[in-house]
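Residue strings, one per chain:
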Amino acid sequence: MGQGRRDTLGNLNFASKTGEFYRERIELPFFVDNLKGKGDGLKEKPDGAIPKAWVFETGNQSMRRFSAWPPADARRRSL
């Protein structure tokens, strides 16, 4: 990731602080829950489920969580 900004990787610009999001919203909650037994970990709500996948969506520059992988609405396409 780019020095200081954390929104780039080489020539790629994510227009979003993906590294900061990952550390604060995915990595830290995971470790706090699994190593210290505190918090809700990766659940949105205490009684919720842990997502099967977190994905950065480049089209709208945001992180999305999915309860299944591949997502239920995914379509197979040939490129």
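Everything that follows concerns the structure shown earlier in this document.
### Observations concerning the environment of glycine 41
As for its position among the elements, glycine 41 is in the loop between helix 1 (18-36) and strand 3 (53-57). Beyond its immediate sequence surroundings of up to four residues, glycine 41 is in contact with Pro29 and Asp33.

### Some thoughts on unusual backbone geometry
The residue after tryptophan 69, namely proline 70, is reached through a cis peptide bond having omega 0°. Note that proline 70 resides in the segment after strand 4 (62-66). With a phi angle near 55°, glutamine 61 is a residue other than glycine that sits in the positive phi range. Structurally, the position occupied by glutamine 61 is in the loop between strand 3 and strand 4.

### Remarks on a nonpolar patch on the surface
The grouping of Phe30, Phe31 and Leu35 at the surface amounts to a nonpolar patch, some 310 Å² of accessible area in total. By the secondary structure assignment, phenylalanine 30 is in helix 1. The class of phenylalanine 30 is partly exposed, set by a relative accessible area of 37%.

Criteria and thresholds
- Residues numbered from 1 in each chain as written.
- Predicted model: local features only at pLDDT ≥ 70, side-chain atom pairs only at ≥ 80, totals over all residues.
- Heavy atoms only, no water.
- Helix = DSSP H or I, 4+ residues; strand = E, 2+ residues; numbered from the N terminus.
- Contact = heavy atoms within 4.5 Å.
- Patch = residues over 30% accessible without salt bridge, like charges linked within 9 Å, V, L, I, M, F, W, Y side chains within 5 Å.
- Areas by Shrake-Rupley, 256 points an atom, 1.4 Å probe, with all protein chains shown as cover.
- Salt bridge = Lys/Arg side-chain N within 4 Å of Asp/Glu carboxyl O.
- Buried < 20%, exposed > 50% of the residue type's maximum accessible area, 1.4 Å probe, protein only.

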